[in-house]
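Residues per chain, in single letters:
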Amino acid sequence: GGGVRGRAKINSKKEKKTAPQPKEVKDRFGFLVEFFNHPFFSSRLFKILLFGLIMGITFIGAVLFLSADPPQISWSQDVATDPPQYTYFARNHALWGSWDLFGHNRFVFFLKSFTTIFSSVIFTIFGTGRFQSNLVAVILNLMSMIFFFFALKKIFNQRVAFLTTFFLGINYVFIMYGRNPFLEISAIFLIVLGFFFLVYSFDRNLLLIPSGVCFATGIFFGKTMAAFILAPCLGVLLFWMFEKNSATKRKINFNPLILFVAGFLAIALFWLFFSYLP
C-alpha cells in the first residue's frame, strides 16, 4: 500500500512539472491570430504596400554599390568583359549620335539587340556611366519580377505570387549577377513577358500574338540560348487545345497555335532580313 501511494506521489509531481499551460499559449497565439485577422491585412491597400515593400527591398539590394564588380563568376574575368560590349553601341549613340563609330561589323548582333535599345533609353534619361549601364540590368530584373508576379497570381493565387516574388527578390544569384547587363537578363525579361501574355491568353486568345513576339524577340534579339523555351510553350498550347477538345467534344481549334506561331514568325523573319542576312 505504501509503495503504491509513493509512486502516485512521484507521478503527480512529474505531472505538475511537465503539465503544459494551455491558457498562456492559447492567449499568446490567439492575439497573433486576432491581429492578422484584422480586415486591413486582406485589404487592397495592404497588398499594394506589401508588393511595394518587396520591390523596394529588391531595388535597394540591387542598386547599393552598383558600380562595383560582382564576385567572380569563373576563375577569370572573361565573362565580366561581356556587358560593356552589349551597351557600347547605346553609349556611342547617347554621346556622339552614332551607334557604330568604327564599323564593328563583327559585333552587329550586339548592336541589333534588345539590350542596345533599352540601354539607349536609360542613357538618354540618366546619362552614361558604369552605374547607368548596370541600372539597365536592374530595371529589367524588376520588370521581370512584376510580370512574373501577375502571371503566378493568375495561375495560382496571391499567396504563391507574393512568396515567390519575395524569395526571388532576396536571392543572392539574382541580386549579385543581375547587376550587369548580360544578354541573358534581357532574354529572361522577354521570356517572362511572353509567359505573362501566354497565361492571360487563356481568356483572350489574341494575346498569343504578343506572346509569340516576346518569345521570338528573347531568342533572336536577346540570347539564342533562350530557344529552349519554344518547346515547353508549344507543349502548353497543344495540351490546352487537346484538353479543350476533350471537354467540348468538338474538332480541335488550331487558332491558338496559329496566333502564337504568327507572332513568333513575324519576329523571326524580321531578324532574318534585318540582322542575319546583312
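Refer to the structure presented above.
Residues numbered from 1 in each chain as written. Predicted model: local features only at pLDDT ≥ 70, side-chain atom pairs only at ≥ 80, totals over all residues. Heavy atoms only, no water.

Some words on the pattern of salt bridges
In plain terms, the rule: We count a salt bridge whenever a side-chain nitrogen from Lys or Arg sits within 4 Å of a carboxyl oxygen from Asp or Glu. Starting at the N terminus, helices and strands are each numbered in turn, a helix being any DSSP run of H or I of at least four residues and a strand any DSSP run of E of at least two. Here's how the labels work: a residue is buried when its accessible area is under 20% of the maximum for its type, exposed when over 50%, partly exposed in between, all with a 1.4 Å probe on protein chains only.
In total, this model carries three salt bridges according to the counting rule given. Between Arg130 and Asp69 there is a salt bridge whose closest N-O contact spans 2.7 Å. Taken as a pair, Arg130 in helix α7 (residues 130-155) and Asp69 in the loop between α3 (44-63) and α4 (82-96) lie far apart in primary sequence, 61 residues in all. When its relative accessible area of 40% is taken as the criterion, Arg130 is described as partly exposed. A salt bridge links Lys223 to Glu184, with the nearest nitrogen and oxygen atoms 3.6 Å apart. You can see Lys223 sitting in the loop between α11 (208-220) and α12 (230-248) and its partner Glu184 sitting in helix α10 (residues 183-200), a full 39 residues away along the chain.

Here's the deal with the environment of Met176
Heads up, the condition is: Whether two residues are in contact is decided by their heavy atoms: any pair within 4.5 Å suffices.
Among the secondary structure elements, Met176 is positioned in helix α9 (residues 172-176). Along the chain, Met176 and Asp69 lie 107 residues apart, while their C-alpha atoms are 9.2 Å from each other. Leaving out residues up to four positions away in the same chain, Met176 has contacts with Pro70 and Pro71.

A short note on the layout of surface pockets
The cut-off we apply is this: Residues are said to line a cavity or pocket when one of their atoms sits within 4 Å of a point; the points come from a 1 Å grid over protein atoms alone, cavities being sets where a 1.4 Å probe fits but cannot get out and pockets being open sets with protein on both sides within 12 Å along at least five of seven lines. Grid points are joined across faces, edges and corners, and a volume is the space filled by probe spheres set on the points. Residue polarity is assigned by list, with Asp, Glu, Lys and Arg as charged and Ala, Val, Leu, Ile, Met, Phe, Trp, Tyr, Cys and Pro as nonpolar; anything else, Gly included, falls into the polar class.
Taken as a whole, the largest pocket holds about 360 Å³ of empty space. When residues of the lining of the largest pocket are traced back to their parent elements, those giving at least two are α4 and α7. The leading source of residues in the lining of the largest pocket is α4, at five residues. For the lining of the largest pocket, the per-class residue count stands at 10 nonpolar, eight polar and four charged.

Shape is all these values report; function is a separate question.
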